Amino acid sequence: MAAADTNPKPTMRLDLKVLGPILALVVLVVIGAMMNGNFLSAGNITNVLSRSAFIGIIAVGMTFVITAGGLDLSVGSMAAFIAGLMILVMNGLLPVMGVGWPLVFVGMLTAIVAGTAAGFINGFLITNMRIEAFIVTLGTMGIYRSLVTWLADGGTLSLDFGMRAIIRPIYFDGILGISWPIIVFALVAILGEVVMRRGAFGRHAAAVGSNDQVARYSSVNVNRVRMMTYVGLGVLVGIATIMYVPRLGSASSSTGVLWELEAIAAVIIGGTMLKGGFGRVWGTVIGVLILSLIGNILNLTDGVSPYLNGAVQGVIIILAVILQRDKKAEG
Amino acid sequence: MKLTNSIGAFALAATLAMPAFAQDTKVIGVSIPAATHGWAGGMNFHAQQAVDRLEAVYPQLDFVLATASDPAKQVNDIEDMMATRNIDALVVLPFESEPLTSPVKAVADSGAWVTVVDRGLAIEGIEDLYVAGDNSGFGKVSGEYMVSAMPDGGKIVAFRGIPTSIDNERVAGFEAAIEGSGIEIIGMEHGNWNRDDSFVVMEDFLSKHEQIDAVWASDDDMAIGVLAAIEAAGRDDIKFVLGGAGMKEMIARTRDGDAMIPANVTYPPAMIATAIEMTAVGLTSTAPVSGTFVIGSVLITQDNAAEFYYPDSPF
Amino acid sequence: MTEPLALSLTKICRSFGPVQVLHDVDITLAAGEVHALIGENGAGKSTTMKIMSGYLAPTSGVVALNDAPVSFANSQDAEAQGVVLIHQEFNLAEQLSVEQNIFLGHEKKRGFLLDKAAMQAEALALLARLNCQVDPSARVSDIANADKQMVEIAKALSRNARVLIMDEPTAVLTEREAEVLFVQVERLKAEGVAILFTSHKLDEVKRISDKITILRDGHVVSQGPTSDYNEDQMAEAMVGRDVSSLYPERTVPVGSDIALEVKGLSVAEFAHDISFTLKKGEILGVSGLIGSGRTETMEGLVGLRSSTGEVRLNGEVVHLKSPQQAQKAGVCYLTEDRKSRGLLLTKGMRENLTLQCLPDFTNYLIDQKSEDAALTKAIEDFDIRAPSRDVAVGNLSGGNQQKLLIAKVMLADPDIVIIDEPTRGIDIGTKQQIYEFIHALSGQGKSIIVISSEMQEVIGLADRVLVMRMGRIAGEVSGDDLTEDKIVRLAMGLDVNKEEAA
């Protein structure tokens with residue numbers, strides 16, 4: 001064996017691990033374009049990107065949690081709970097503050113604070129109390145889901161109509177024809193990618209997920225890194241909720257059902273390892289787009305029975321992951 | 001509303017099911033699905049209200065109310081009521097017909113009174129009283145309204161709920177009613193009685209179809225998602241959206257003359273209250289209440305909307 | 001046992017990508033012969049063994065069984081033909097019983113059901129043949145290392161192995177356990193099994209092998225009957241230079257200032273009332289049997305475990321409650337377990353090198369240029385040899401991993417370094433380099449604590465040695481008293497002064 005070169009050589013490797021998700025996305029886009037002429041219209045693209053934003057923003061946070069070796073099943077019901085809380089706070093303060101942007105900002109602040117607190121609770125139970133992440137977040141998942149049902153008295157929490165008109169542009173308007181959810185999703189994704197790839201926090205998260213003992217022996221504050229991934233995810237759930245509430249102006253117990261599984265699926269499709277140790281945010285973004293596109297294409301075409309939508313989605317998820325598997329399974 | 005009842009059956013059932021009455025406290029179990037969407041939320045509200053009211057009226061009655069998030073949980077609830085609360089009567093709105101049939105039959109076989117609400121069991125004749133919603137009637141009334149509102153025919157998209165027999169009956173009734181009217185269903189997808197899902201499906205329908213004359217949303221939750229998508233797309237080809245089940249906000253808009261929501265079709269969640277009340281009456285008096293009691297679906301338009309607006313209901 | 005089998009490699013070459021790791025290797029394993037394959041880490045021993053046992057295919061050259069060329073499709077194919085490799089890390093399912101492990105993957109069946117009686121009987125027979133007393137129904141996680149080794153061999157024999165290849169079979173065994181193994185090796189040899197093994201312990205190579213092949217950088221540099229070599233000759237052939245002076249001479253005198261003073265340090269269950277001092281520039285050895293609390297004491301000192309007691313650095317009391325605090329105070333601990341606590345095996349060298357002091361390379365974002373510069377410097381300073389810079393650390397040889405681990409810890413620039421088992425599982429050439437690094441560090445005025453199970457190592461390296469026994473300091477030896485005998489007596493709890501009594 002020779003000593004390593006002193007200058008790092010840029011190596012060009014076009015392996016499927018990198019190309020897999022991109023390839024799957026390209027194939028889907030081609031299929032969509034062939035099936036329906038409107039698929040590539042600006043309107044449809046805006047629709048798909050905007051509706052991807054909720055799951056997408058959450059999935060970016062989930063990428064860090066999973067990379068650090070954790071899991072969070074509570075994000076869907078957390079989003080529903082935060083949405084409910086945000087609506088209640090805005091409706092409750094309406095007589096005091098009146099309809100207007102100040103009240104919207106109070107609502108936003110509520111969402112962020114509630115998200116931070118919810119993430120902190122998950123993180124605290126997992127790191128300080130040393131309970132399995134799966135169990136903790138399964139528990140909080142049930143808790144938030146029940147809380148929103150309770151807040152809504154079994155029905156639907158609806159934002160005051162006057163406020164709805166004010167807040168609506170947060171989902172539907174934007175700048176230069178790009179809607180706000182898309183802009184926020186893009187910003188979160190870019191920031192996430194930079195932190196994951198170039199930030200000390202991303203490196204530490206990967207180290208903790210790869211082997212928390214090594215991280216501990218290397219003077220990394222393992223608990224703090226873990227905690228921060230959950231808090232970060234909570235904040236992002238809050239941001240996603242800020243984007244969600246303006247769309248329909250309501251929240252109910254059916255809000256955000258199965259978002260957690262979609263977010264986790266997007267993260268894994270994107271090439272992050274479920275057992276932790278390696279994560280990539282850009283992959284997650286592609287995973288989210290793949291999931292949204294499948295639903296969109298199925299709605300735009302007539303060939304497939306709507307009963308089979310879930311099956312088509314399942315097949316494509318599995319294919320996307322097969323494309324990037326490490327090597328042939330042994331044994 | 002029509003009452004089809006058979007007094008002979010009642011007399012028999014009454015002697016079997018209530019050997020000793022009015023002496024000691026009787027327990028009525030109420031088992032219903034949890035509030036997972038707007039209609040179910042309303043149904044939960046009415047069930048709770050009925051229980052509160054009847055407990056005050058009839059001191060000799062005790063109520064046990066359980067809500068289940070899936071059929072398996074509902075089976076457990078009913079078994080628990082049998083085993084631990086020794087119920088004298090059961091009012092059940094089955095999550096699904098098949099899995100609930102034999103547990104409910106076991107309750108009936110034990111001699112307790114059984115009232116089934118909304119969807120029937122897989123085997124006929126188990127229940128003493130059946131308070132039914134009329135799903136094919138719901139579809140039929142909706143279809144007939146569509147035909148009358150679009151005399152020259154036109155292109156519509158239709159939204160279905162969660163795949164169940166209820167959904168199938170409604171859609172079949174609707175399709176039969178628009179048969180030969182020149183109305184064409186150019187797209188049909190599941191909106192799962194959910195606002196978000198329906199919003200997304202409607203966005204895609206709008207991308208796919210250049211011209212849509214009307215939408216059969218079939219449910220007011222789904223109608224809300226559909227309306228938001230139409231508004232966001234800024235399309236004016238759609239003349240109206242027909243929801244269903246009579247959510248109070250939507251009734252109010254019909255009453256106030258909103259052109260997009262000219263009508264509604266009832267499928268009252270309060271049918272659970274009717275069922276509980278009739279069961280209570282049956283258990284405490286000799287009034288005949290057994291048989292089948294169908295609560296028909298009624299068309300609501302601006303003319304009669306005020307009668308159907310219940311400000312206190314959450315739905 | 002059926003007919004004996006001889007395995008030969010002829011002109012075997014093997015490349016991984018552009019890197020050729022084996023060059024025209026010729027080895028013949030004769031039936032009834034014990035063959036030792038020795039060489040430094042990275043010399044190509046593992047690759048050679050993997051080619052013999054079907055885990056890897058050669059790039060060119062011929063593998064032959066009884067002179068008939070074969071090409072194994074995979075390791076199962078090789079096993080079917082009687083060639084079995086026993087890995088250095090035991091390949092046993094810890095939660096299954098001994099018998100279940102022996103028959104794992106080729107269970108005996110009667111109809112659809114397992115034939116437990118037949119397997120029990122055969123397991124007993126196999127273990128008896130190896131003179132091993134372990135109960136076939138014992139759980140593997142409960143038995144001793146030596147017995148695990150025997151179970152591995154029994155497993156190989158149950159597959160009718162006629163060529164047995166063992167990768168460092170004694171690395172995890174105590175001397176007594178190794179003795180037991182050697183007896184069984186002799187027995188198998190007498191039965192006509194062809195055996196090849198690797199080892200870094202040259203005395204044991206000398207004792208039990210009949211023939212030796214020495215590899216260096218993928219070439220066979222020497223081959224012949226064991227009787228032709230003494231240990232020095234083996235070492236020289238392996239390293240390619242004179243290694244007679246393994247331990248460097250002290251060139252800079254030990255300082256007089258006390259860098260570290262520990263008073264009454266206790267770690268629950270493991271260490272009680274530990275007190276010692278460490279001078280600037282001093283190398284302090286810590287010896288003792290495995291389980292005597294050496295590692296736990298030091299982990300308590302740097303905050304990896306909770307501890308009580310007083311710690312003074314340069315005279316000032318400090319509270320080191322976490323490794324972060326210890327590092328900030330200038331105390332770093334280098335783990336004995338580089339694979340599961342020291343390095344991220346799936347990550348590259350750069351990520352591993354800077355993990356310990358990533359904040360130093362971060363200014364909002366990680367400065368990858370300065371990271372690369374640090375790696376370049378570490379590769380130079382510590383002579384780390386890797387096929388490429390972005391290789392996963394798990395693919396480096398043990399010696400290079402250890403060098404990287406030292407480089408990583410030294411990047412934090414500690415004043416006091418605690419090195420636990422600095423040369424475990426490392427070849428002699430790299431050992432020598434690591435000893436030189438340690439001396440160089442002490443020459444720079446850094447204080448060093450070396451924990452080691454190798455008696456020669458603490459004696460050769462340290463200025464002074466603490467001996468631990470059952471969680472307490474049993475004694476301290478230095479100067480002329482620094483002998484193996486003194487340390488063993490202290491470690492075993494014997495009276496130090498009654499040397500003649502033994």
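As the structure is a computational prediction, the values presented were derived from the model and not from experiment.

### Here's the deal with the sheet that holds strand E10 (residues 240-242) of chain B
All names here are of chain B.
- The sheet built from four strands is open, its strands ordered E8-E7-E9-E10 with parallel pairing. In this open sheet, the two edge strands, each paired with only one partner strand, are strand E8 (183-190) and E10. Across the sheet, the mean angle from the axis of one strand to that of its neighbour is 20°, orientation sign disregarded.
- Alignment of strand E7 (residues 154-160) against E8, held across seven bridges, turns out to be parallel. Note that in E8 the partner of Ala-158 across the bridge is Met-188.
- Contacting E7, E8 and strand E9 (214-216), helix H7 (residues 195-208) crosses the sheet at an angle of about 155° to E7.

### Regarding the pattern of salt bridges
- The tally for this structure, following the rule as stated, stands at 40 salt bridges over all chains.
- For Arg-195 of chain B, the salt bridge goes to Asp-221 of chain B, with nearest N and O atoms at 2.8 Å. Of the two residues, Arg-195 of chain B sits in helix H7 while Asp-221 of chain B sits in helix H8 (residues 220-233), which places them 26 residues apart along the sequence. Comparing Arg-195 of chain B with Asp-221 of chain B shows no difference in burial state: the two are buried.
- Among the ionic pairs, Glu-299 of chain C bridges to Arg-341 of chain C, the shortest N-O distance being 4.0 Å. Of the two residues, Glu-299 of chain C is situated in helix H9 (residues 294-301) and Arg-341 of chain C in helix H11 (residues 338-342); the sequence distance between them amounts to 42 residues.
- For Glu-299 of chain C, a relative accessible area of 1% gives the class buried.
- The class of Arg-341 of chain C is partly exposed, set by a relative accessible area of 27%.
- One connected set of salt bridges, linked through shared partners, spans Arg-203 of chain A together with Arg-350, Glu-371, Asp-372 and Arg-389 of chain C.

### A word on the environment of Phe-240 of chain B
Residues and elements named next belong to chain B.
- Structurally, Phe-240 is set in strand E10.
- Separated by 19 residues in sequence, Phe-240 and Ala-259 have C-alpha atoms that sit 6.8 Å apart.
- When sequence neighbours within four positions are dropped, the list of residues in contact with Phe-240 reads Tyr-145, Met-146, Ala-149, Met-150, Asp-213, Ala-214, Val-215, Ala-259, Met-260 and Pro-262.

### Let's talk about the confidence of the model for chain A
All names here are of chain A.
- Confidence along chain A averages 87 in pLDDT terms, with 93% of residues attaining 70 or more.
- In the predicted structure, residues 1-12 sits below a pLDDT of 50 and forms 17 contacts with residues beyond four places in sequence or in another chain.
- In the predicted structure, residues 327-331 sits below a pLDDT of 50 and forms zero contacts with residues beyond four places in sequence or in another chain.

### Observations concerning the sheet that holds strand E1 (residues 7-16) of chain C
Residue and element names in this part refer to chain C.
- Within the open sheet, the four strands sit side by side as E2-E1-E4-E5. Their pairing is antiparallel. Edge strands, defined here as strands with exactly one partner in the open sheet, are strand E2 (19-29) and strand E5 (68-70). Adjacent strand axes in the sheet meet at a mean angle of 35° when their direction is disregarded.
- Across five bridges, the pairing between E1 and strand E4 (residues 60-65) is antiparallel. Residue pairing in the sheet places Cys-13 in a bridge with Ser-60 of E4.

### Some points on the interface of chain A and chain B
- Taken together, the contacts link 30 residues of chain A with 28 residues of chain B.
- Carbon and sulfur atoms supply 44% of the area buried between chain A and chain B, which totals about 2,500 Å² over both sides.
- Its largest share of buried area at the contact with chain B, chain A owes to Leu-248, Asn-299 and Tyr-307 of chain A, together 23% of the area lost on that side.
- Seen at the junction of chain A and chain B, the total is four salt bridges.
- With a shortest N-O distance of 3.6 Å, Arg-168 of chain A and Glu-231 of chain B are connected by a salt bridge.
- At the junction of chain A with chain B, the criterion picks out 12 residue pairs in polar contact (both at pLDDT 80 or more).

### Quick word on a negative patch on the surface
Residues and elements named next belong to chain C.
- A cluster of acidic residues, Glu-175, Asp-203, Glu-231, Asp-232, Glu-236 and Glu-484, forms a negative patch at the surface.
- Counting residues per element, the negative patch draws most heavily on helix H8 (residues 231-239), at three residues.
- Tracing the chain through its elements places Asp-232 in helix H8.

### Some details on the interface of chain A and chain C
- Contact residues are listed per partner, giving 30 residues for chain A and 38 residues for chain C.
- In total, chain A and chain C occlude about 3,000 Å² of area from one another, counting both sides; carbon and sulfur atoms represent 56% of this.
- Taken together, chain A and chain C are joined by one salt bridge.
- Here Glu-371 of chain C makes a salt bridge to Arg-203 of chain A, at a shortest N to O gap of 2.7 Å.
- Counting across the interface, chain A meets chain C through 11 residue pairs in polar contact (both at pLDDT 80 or more).
- Top element by residues in the side of chain A that touches chain C is helix H9 (residues 200-210) of chain A. It accounts for six residues.
- The residue makeup of the side of chain A that touches chain C, split by class, is 13 nonpolar, 12 polar and five charged.

### Quick word on the arrangement of the chains
- With two pairs of chains in contact overall, the greatest share of contacts is found between chains A and C.
- Note that chain B does not reach chain C: the shortest distance linking a C-alpha of one to a C-alpha of the other is 36 Å.

### Focus on the pairing of strand E10 (residues 194-198) of chain C
All names here are of chain C.
- With five of its five residues buried, E10 lies for the most part within the structure.
- Residues Ala-194, Leu-196 and Thr-198 point to one face of E10 and Ile-195 and Phe-197 to the other, with burial holding for every one of them.
- In this sheet, E10 lies alongside strand E3 (residues 34-39) in parallel orientation, the contact comprising four bridges. Bridge pairing links Val-34 to Ile-195 in E10.
- The sheet contact formed by strand E9 (residues 163-166) and E10 spans four bridges and is parallel. By the bridge assignment for E10, Val-163 is matched with Ala-194.
- Each parallel crossover has a hand, and for E9 linked through helix H6 (residues 175-190) to E10 it is right-handed.

### Notes on the side chain of Gln-401 of chain C
Residue and element names in this part refer to chain C.
- For Gln-401, the position within the fold is in helix H14 (residues 398-410).
- With relative accessibility at 1%, the residue Gln-401 sits in the buried group.
- At 3.4 Å, the side chain of Gln-401 and the backbone oxygen of Leu-396 are in polar contact.
- With near-sequence residues (within four places) excluded, Gln-401 lies in contact with Arg-338, Lys-339, Leu-343, Leu-345, Val-393, Gly-394 and Leu-396.

### Quick word on the environment of Phe-90 of chain C
Residues and elements named next belong to chain C.
- Within the secondary structure layout, Phe-90 lies in the loop between strand E6 (83-86) and helix H3 (98-102).
- A relative accessible area of 21% means that Phe-90 is categorised as partly exposed.
- Spatially, the C-alpha atom of Phe-90 lies 7.4 Å from that of Lys-148, the residues being 58 residues apart in sequence.
- Sequence-distant contacts of Phe-90, that is, excluding residues within four places in its chain, are made with Asn-145, Lys-148, Gln-149, Glu-152 and Val-172.

### Comments concerning the packing of aromatic side chains
- Applying the stated criterion across every chain, the model contains 19 aromatic pairs over all chains.
- On the basis of an interplanar angle of 25° and a centroid distance of 5.8 Å, the ring pair of Phe-64 of chain A and Phe-201 of chain A is categorised as stacked. Residue Phe-64 of chain A is located in helix H2 (residues 42-67), and its partner Phe-201 of chain A is located in helix H9; the two are separated by 137 residues in the primary sequence.
- Here the aromatic cluster, defined as three or more aromatic residues joined through ring pairs, consists of Phe-54, Tyr-171, Phe-172, Tyr-244 and Trp-259 of chain A together with Phe-199 of chain B.
- Seen from the ring of Tyr-267 of chain B, Arg-170 of chain B lies directly overhead, with NZ or CZ sitting 4.5 Å from the centre.
- Lying across the ring of Phe-270 of chain C, Arg-305 of chain C places its NZ or CZ 5.0 Å from the centre.

The rules behind these values
Residues numbered from 1 in each chain as written. Chains lettered and ligands numbered in written order. Predicted model: local features only at pLDDT ≥ 70, side-chain atom pairs only at ≥ 80, totals over all residues. Heavy atoms only, no water. Pairing = 2+ DSSP bridges. Helix = DSSP H or I, 4+ residues; strand = E, 2+ residues; numbered from the N terminus. Axes fitted to C-alpha atoms, helices over the stretch in contact; angles between N-to-C directions. Contact = heavy atoms within 4.5 Å. Salt bridge = Lys/Arg side-chain N within 4 Å of Asp/Glu carboxyl O. Buried < 20%, exposed > 50% of the residue type's maximum accessible area, 1.4 Å probe, protein only. pLDDT = per-residue confidence, 0-100. Buried area = accessible area lost by both parts, 1.4 Å probe. Polar contact = N/O pair within 3.5 Å; in protein donor to acceptor, adjacent residues only side chain to side chain. Patch = residues over 30% accessible without salt bridge, like charges linked within 9 Å, V, L, I, M, F, W, Y side chains within 5 Å. Areas by Shrake-Rupley, 256 points an atom, 1.4 Å probe, with all protein chains shown as cover. Lys, Arg positive; Asp, Glu negative; His and termini not counted. Charge placed at Lys NZ, Arg CZ, Asp CG, Glu CD. Nonpolar A, V, L, I, M, F, W, Y, C, P; charged D, E, K, R; others polar. Right-handed = clockwise from strand over helix to strand, strands pointing away. Phe/Tyr/Trp six-rings, centres within 6.5 Å; stacked < 30°, edge-to-face > 60°. Lys NZ or Arg CZ within 6 Å of the ring centre and 35° of its normal.

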